[in-house]
Every structure is written in C-alpha cells, then in structure tokens.
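So the chains spell out like this:
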Amino acid sequence: MLSEAAKTRIQELFPRYPDKRSCTLAALRIAQKEQGYISEEAMADIGVLLELTPVQVYETATFYTMFTLQPVGKYLIQVCRTLSCALVGAGSLIRHLEQKLGITAGETTPDGLFTLKKVECLAGCGAGPMMQINDEYYEYLTTDKVDRILEDLRRDGKSSLASGPFLIPLQMA
Ligand code: FES
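Residues numbered from 1 in each chain as written. Predicted model: local features only at pLDDT ≥ 70, side-chain atom pairs only at ≥ 80, totals over all residues. Heavy atoms only, no water.

## Comments concerning the overall build of the protein chain
Part 1 of the reasoning: Summing up its helical and strand segments, the protein chain has 8 helices and 5 strands in all.
Part 2 of the reasoning: In the protein chain, the succession of α and β elements from N to C terminus is α-α-α-α-β-α-α-β-β-β-α-β-α.
Part 3 of the reasoning: In terms of C-alpha radius of gyration, the protein chain reaches 17 Å, essentially the compact-globule figure of 16 Å for 173 residues.
Part 4 of the reasoning: Principal-axis analysis of the C-alpha atoms places the extent of the protein chain at approximately 50 × 35 × 25 Å.
Part 5 of the reasoning: Long-range contacts, defined here as pairs at least 24 residues apart, represent 63% of the contacts in the protein chain between residues at least 6 apart.
Part 6 of the reasoning: About 9300 Å² of surface is accessible on the protein chain, with carbon and sulfur atoms providing 54% of the total. (Helix = DSSP H or I, 4+ residues; strand = E, 2+ residues; numbered from the N terminus. Rg over C-alpha atoms; globule rule 2.2 N^0.38 Å. Contact = heavy atoms within 4.5 Å. Areas by Shrake-Rupley, 256 points an atom, 1.4 Å probe, with all protein chains shown as cover.)

If you want it as structure tokens, here you go:
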C-alpha cells in the first residue's frame with residue numbers, strides 16, 4: 001500500500017504529463033523508492049490514481065527490469081548482461097558474484113544483504129562490464145573490483161569504487 005505522501009507526490013506529477021497514464025513509470029519509481037519493491041497493493045493504488053486497471057499497471061511494472069515485484073535485500077545488485085557488457089565478460093562476472101554470494105541470479109542472500117539480478121542494458125555500454133547497486137553505477141568491473149565492492153558495502157555501507165549515481169529516473173521521480 002502506498003503512503004499518503006507517495007500518493008501526493010504522484011498527483012503532483014499530473015500537470016507535467018499529457019494524461020495520467022503517462023505518469024505510470026514515474027509512479028512506479030516512487031512506489032519502489034518507498035517500499036524497496038512494488039507490491040500488489042501499491043500497483044492497485046497506482047491504478048486508482050492513474051485511472052488504470054491493475055493489469056495495466058502490472059504489465060508496465062513487469063516489462064522493465066528496473067522494477068522488482070518481490071522484496072529485495074539491502075543491496076540490489078543488477079548486472080547488465082546485454083551485448084556490449086557480455087562481450088567484455090559480464091557472464092563470468094555474474095558467475096563470480098553467484099559463487100561469492102552463494103546464490104544464483106534472482107535470489108537474495110540468507111542474511112538479507114544482497115539480491116542479485118541479471119538485467120538488460122543499463123545505458124553504461126561503453127564502460128562494461130558494469131552493474132548497478134541500488135542507485136550507484138559500478139563500471140569497468142573485474143572480479144577483484146567486485147570483491148572489494150562487496151567488502152566495502154558489508155563494512156561501510158558504501159564503496160568509493162562507485163562511478164556515480166544513475167540520475168535521470170531519480171530526477172523524474
Ligand atoms: S550493454 Fe551493458 S550497459 Fe548497455
């Protein structure tokens with residue numbers, strides 16, 4: 001269920017768009033930011049606000065890998081597997097992460113810290129292999145860099161190896 005504050009933020013977006021339906025992606029981002037994932041209740045709330053059926057909201061939420069419909073760990077690791085990153089080692093990087101975390105892609109570690117996802121292009125194609133963890137990009141990855149990033153996050157909750165936040169959707173929402 002969305003908070004009243006989230007509903008208000010979504011309604012404040014209406015004047016920026018030609019119709020309410022066009023707010024769907026921004027509304028989903030607000031819901032995910034608030035809850036860490038998009039629950040069925042949140043999709044129903046968005047449907048009411050945007051005058052869409054729950055199925056219309058669901059089909060948008062499931063089309064984009066940036067949205068997750070299940071609770072995720074504290075750190076959501078999204079590794080790009082699309083061509084440019086695949087050609088420079090994304091596959092072996094994903095296998096390394098699976099081995100390091102003791103899970104397969106799509107799962108969360110038992111301590112609730114890390115969720116690993118394989119996703120399509122994250123628009124960092126010239127800097128692959130790359131991944132996004134929560135709102136931060138990590139680029140030109142090697143297995144050593146990945147190990148250091150995981151250690152940094154466990155120890156400090158952040159890593160200086162981040163190359164920067166992915167800004168555009170955050171500014172929209
Ligand atoms: S192909 Fe990996 S970010 Fe685009």
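## Section: the confidence of the model for the protein chain
Low pLDDT marks regions whose predicted coordinates should not be analysed in detail.
Part 1 of the reasoning: Looking at the protein chain as a whole, the pLDDT averages 93, with 95% of positions reaching at least 70.
Part 2 of the reasoning: Low pLDDT, under 50, characterises residues 169-173; the predicted model gives this stretch 11 contacts beyond four residues in sequence or across chains. (pLDDT = per-residue confidence, 0-100.)

## A few points about the nonpolar core
Part 1 of the reasoning: If you look at the biggest cluster of nonpolar residues, it comprises 21 residues, and the most contacted ones within it are Leu2, Ile10, Leu28, Ile38, Ile46 and Leu50.
Part 2 of the reasoning: Where this core is concerned, the elements lending two or more residues are helix H1 (4-13), helix H2 (24-35), helix H3 (40-50) and helix H4 (54-63).
Part 3 of the reasoning: Discounting chain neighbours no more than four positions away, the residues touching Leu50 are Ile10, Phe14, Lys20, Arg21, Cys23, Thr24 and Ala27.
Part 4 of the reasoning: One finds Leu97, Ile133, Leu150 and Leu161 within the second-largest nonpolar core, a separate group that totals 20 residues. (Core = buried A, V, L, I, M, F, W, Y, C linked by side-chain atoms within 4.5 Å. Buried < 20%, exposed > 50% of the residue type's maximum accessible area, 1.4 Å probe, protein only.)

## Comments concerning the sheet that holds strand S3 (residues 131-133)
Part 1 of the reasoning: One open sheet holds the 5 strands; their spatial order is S2-S1-S3-S4-S5, and the pairing between them is mixed. Single-partner strands in this sheet number two, and they are strand S2 (114-119) and strand S5 (164-165).
Part 2 of the reasoning: With 6 bridges joining them, strand S1 (residues 75-80) and S2 adopt parallel strand pairing. What sits directly across from Gln78, in S2, is Lys117.
Part 3 of the reasoning: In the packing of helix H7 (residues 143-156) onto the sheet, contacts are made with S1, S2, S3 and strand S4 (136-138), and the angle to S3 comes to roughly 5 degrees. (Pairing = 2+ DSSP bridges. Axes fitted to C-alpha atoms, helices over the stretch in contact; angles between N-to-C directions.)

## Observations regarding the side chain of Lys7
Part 1 of the reasoning: Relative to the elements of secondary structure, Lys7 occurs in helix H1.
Part 2 of the reasoning: The contacts of Lys7, once residues within four sequence positions are left out, are Leu2, Asp45 and Leu49.

## What to know about H1
Part 1 of the reasoning: Residues of H1 that are buried: Ala6, Lys7, Ile10 and Leu13. The buried residues of H1 occupy one face: seen down the axis, they fall within an arc of 115 degrees. The exposed set on the far side of H1, more than 90 degrees from its buried face, consists of Glu4, Ala5 and Glu12. (Arc of directions from axis to C-beta.)

## Structural notes on the packing of helix H6 (residues 90-101) against H7
Part 1 of the reasoning: For the pair H6 and H7, interaxial distance at closest approach is 10 Å and the crossing angle is 40 degrees. One finds that H6 runs oblique with respect to H7. At the point where H6 passes H7, the crossing takes the right-handed sense. For the pair H6 and H7, the contacting residues are Leu93, His96, Leu97, Lys100 and Leu101 in the first and Thr143, Val146, Asp147, Leu150 and Arg154 in the second.
Part 2 of the reasoning: Its residues placed into classes, the contact of H6 with H7 shows 5 nonpolar, 2 polar and 3 charged. (Parallel < 35°, antiparallel > 145°, perpendicular 65-115°, else oblique. Left-handed = near helix turned anticlockwise from the far one by under 90°. Nonpolar A, V, L, I, M, F, W, Y, C, P; charged D, E, K, R; others polar.)

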